[in-house]
Amino acid sequence: MTAHTTRVDVGIVGGGPAGLMTALLLKRRGISAAVIETRTKDTIHHTQRAGILEAATVSMLVDAEVGSRVLTEGHEHEGTVLSFDGEQHRIDFQALVGRSVWLYPQNEVFFDLANAWEREGGEIHWAVTDTQVHGIETTSPRISFTDAHAQARSIEADLIIGTDGSRSMCRRLIPEEVRTDHFISYPFAWFGILCEAPPTAPELIYANSELGFALISQRNETVQRMYFQCDPDTDPDSWSEDAIFDHIQQVLGTEGGVQLKRGPIIDKTVLPFRSYVCDPLSHGRLALAGDAGHTVPPTGAKGLNLAFADVRVLIPCVEEFITELRADAPGHEGEAAETPESLRRYSRTALDRVWKAQNFSYWATNLLHRQPDENPFTHRRRRGEFDAITGSVHGQAYFADSYTGWSD
Ligand SMILES: Cc1cc2nc3c(=O)[nH]c(=O)nc-3n(C[C@H](O)[C@H](O)[C@H](O)COP(=O)(O)OP(=O)(O)OC[C@H]3O[C@@H](n4cnc5c(N)ncnc54)[C@H](O)[C@@H]3O)c2cc1C
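Worth saying up front: this structure is predicted, and the values here are computed from it rather than measured.

Next up on the list: the sheet that holds strand β9 (residues 123–125). Pairing within the open sheet is mixed, and its six strands lie in the order β9-β3-β2-β13-β20-β19. Edge strands, defined here as strands with exactly one partner in the open sheet, are β9 and β19 (282–283). Relative to strand β20 (residues 286–288), β19 runs antiparallel, the two being bridged by two bridges. Paired with S282 across the two strands is A287, which belongs to β20. On the sheet, helix α8 (residues 303–327) packs against β2 (10–13), β13 (159–162) and β20 and is oriented at approximately 165° with respect to β13.

Here it is as structure tokens:
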């Protein structure tokens, strides 16, 4: 069958938040893009992921003109609570660093971006199969795939952007002799639930006790998100509703303090922890952004925000590259292509922030989780570290500055 071919400036593999935000912002700068995505729009819209947005992420959504739901339906959080053995300390983000975060679920961020892209007539193919990327070391890279109607298709472009998530096939196109994969895994996971109940507290609570970690998060007025530390091999169905709530309540402390608001559990998942960085984030005519280039454990709420931070750095670099290309005499199809300096700069600049976020996510994970070799010394030492953070304005400011996303 002959492949149906379209031609754009930039072909994007992966229609998650990073891919769609990239497509929209490129369009605002007169650069055409087409997006392909393996899942359906409905599946992604109903998949629970991140919930905390840094102020810079919110600004990008507002500036990209995707609609104002993030401001009208999202909730500004001016602080968060750290709890250790039932003792609670509030970190006041606004007082410490003058920034807030917003609670607005990632699936709604995705929905706003996808609707905006479709409303503006942007090319997107949902539910594709057989994705392949060709010729990233040449002047004419190309994506081939089969669309949802079994039609073979091809997208020709000057640049391919891989925003295809943590199992990225795009990053494996960067040759092994050029690419360094930095990777660690953790000996624990998060057991996440969604339950039909009102919020337990006005802000998020990150808790540690001898039982390990728990997070009391939120979704909206009637549905809440909570997590607790578990073994990576845990079967979600092996925990009853009562056992889950009793365990989280114990981590929070049972005497006085916060009492969990309980309700029917409508979703249970186990989320393994990994830290990964691909270096570099660009090679030839390919650039990676978001989880395709790096993943962090979710403790610092950095994954989605880091994906958007990549896009902030990437867009002007792509614009520079496309502008130079348009000014040059057209080259020959399929000629060997070096990595443009603008895309090398993207990789260097984005990775600086990625490593800051890796460090914060790793540090917060180790501060708040129980290790398999935990003993009275390690627990008491952790208490000392916790006191050093909560007991000093400088310690609190470190947490607040990192959690709310530094200033660019
Ligand atoms: C349970 C959970 C909780 C989290 N909590 C937080 C949080 O509180 N705060 C935070 O900031 N982050 C959090 N994260 C991380 C955050 O969800 C990710 O960092 C974010 O989704 C990254 O966006 P992305 O667009 O890079 O990748 P993704 O959202 O993964 O999008 C990639 C897309 O590419 C598509 N794709 C993959 N392969 C192909 C292919 N071959 N062809 C076409 N399409 C393809 C996928 O279907 C996917 O839709 C959490 C993650 C999980 C799983």
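The next thing to look at is empty space enclosed by the protein. The full count for this structure, using the stated rule, is one cavity of 30 Å³ or more. In this structure, the largest cavity spans a volume of roughly 30 Å³. In terms of residue class, the lining of the largest cavity is made up of five nonpolar, three polar and no charged.

Packing of helix α3 (residues 55–63) against α8 leaves a shortest axis separation of 9 Å and a crossing angle of 60°. Between α3 and α8, the angle falls in the class oblique. In this structure, the crossing between α3 and α8 has a hand that is left-handed. For the pair α3 and α8, the contacting residues are A56, T57, M60 and L61 in the first and N305, F308, V311 and R312 in the second.

Moving on, we come to the sheet that holds strand β6 (residues 79–84). Consider a sheet: its strands pair through backbone hydrogen bonds, and that pairing is either parallel or antiparallel. On the basis of which strands lie adjacent, the open sheet formed by eight strands has the order β7-β6-β15-β16-β17-β14-β18-β21 and mixed pairing. Both edges of this open sheet fall to β7 (87–92) and β21 (294–295), since each of them pairs with a single strand only. Bridge count between strand β16 (residues 212–216) and strand β17 (residues 223–230): three bridges; the pairing is antiparallel. Each bridged residue has a counterpart across the sheet, and for L215 the counterpart in β17 is Y227. Here helix α10 (residues 376–390) sits on the sheet and contacts β6, β7 and β15 (205–209); the angle it forms with β6, its principal contact strand, is near 150°.

This part takes up the site of the ligand. In the vicinity of the ligand, 29 residues are found, and the nearest of them are A18, E37, Q106, D291 and L304. Between the ligand and A18, the relevant distance is 2.9 Å, taken from an oxygen atom to a main-chain nitrogen or oxygen of the residue. The contact in question runs from an oxygen atom of the ligand to an N or O atom on the backbone of A301, over 3.1 Å. For the ligand, the accessible surface in isolation is 1,000 Å², of which the surrounding protein chains cover 87%. The element that contributes the greatest number of residues to the shell around the ligand is α8, accounting for three residues. Of the residues belonging to the shell around the ligand, the class tally is eleven nonpolar, eleven polar and seven charged. Two domains each put at least three residues into the shell around the ligand: domain 1 (4–75 + 104–182 + 276–365) and domain 2 (183–273 + 371–403).

One broad trend across soluble globular proteins is that nonpolar side chains are buried collectively. Of all hydrophobic cores here, the largest spans 100 residues; its most connected members are V10 and Y403. What Y403 contacts, discounting residues up to four positions off in sequence, is I52, E54, F93, V101, L204, Y206, G300, A301, K302 and F360. If you look at the next biggest cluster of nonpolar residues, it comprises 22 residues, including F191, A214, I216 and M226.

Our next topic: the domain arrangement of the protein chain. If you check the domain split of the protein chain, you get domain 1 (4–75 + 104–182 + 276–365) and domain 2 (183–273 + 371–403). Summarising the inter-unit geometry, the C-alpha centres of domain 1 and domain 2 are found 31 Å apart. With 22 residues of domain 1 in contact, the opposing surface of domain 2 contributes 21 residues. Note on domain 1 versus domain 2: buried area summed over both sides is about 1,800 Å², and carbon and sulfur give 65% of it.

What follows is about the side chain of E108. By secondary structure assignment, the location of E108 is in helix α6 (residues 106–119). Polar contacts involving the side chain of E108 include one to the side chain of H45, which spans 3.3 Å. Every residue in contact with E108, bar those within four places of it in the chain, is listed here: H45 and R69.

What follows is about the pattern of salt bridges. Scanning the model with the defined rule gives 27 salt bridges in all. A salt bridge links R383 to E87, with the shortest nitrogen-to-oxygen separation between them at 3.0 Å. Here the residue R383 occupies a position in helix α10, and E87 occupies one in strand β7, the gap between them amounting to 296 residues. Given a relative accessible area of 16%, R383 falls into the buried group. For E87, a relative accessible area of 36% corresponds to the partly exposed category.

What counts and what doesn't
Residues numbered from 1 in each chain as written. Predicted model: local features only at pLDDT ≥ 70, side-chain atom pairs only at ≥ 80, totals over all residues. Heavy atoms only, no water. Pairing = 2+ DSSP bridges. Helix = DSSP H or I, 4+ residues; strand = E, 2+ residues; numbered from the N terminus. Contact = heavy atoms within 4.5 Å. Axes fitted to C-alpha atoms, helices over the stretch in contact; angles between N-to-C directions. 1 Å grid on protein atoms, 1.4 Å probe; cavity = no way out; pocket = protein on both sides within 12 Å on 5 of 7 lines; lining within 4 Å. Points joined across faces, edges and corners; volume = space filled by probe spheres on them. Nonpolar A, V, L, I, M, F, W, Y, C, P; charged D, E, K, R; others polar. Parallel < 35°, antiparallel > 145°, perpendicular 65-115°, else oblique. Left-handed = near helix turned anticlockwise from the far one by under 90°. Near = heavy atom within 4 Å. Polar contact = N/O pair within 3.5 Å; in protein donor to acceptor, adjacent residues only side chain to side chain. Areas by Shrake-Rupley, 256 points an atom, 1.4 Å probe, with all protein chains shown as cover. Domains from an automatic or database assignment. Core = buried A, V, L, I, M, F, W, Y, C linked by side-chain atoms within 4.5 Å. Buried < 20%, exposed > 50% of the residue type's maximum accessible area, 1.4 Å probe, protein only. Buried area = accessible area lost by both parts, 1.4 Å probe. Salt bridge = Lys/Arg side-chain N within 4 Å of Asp/Glu carboxyl O.

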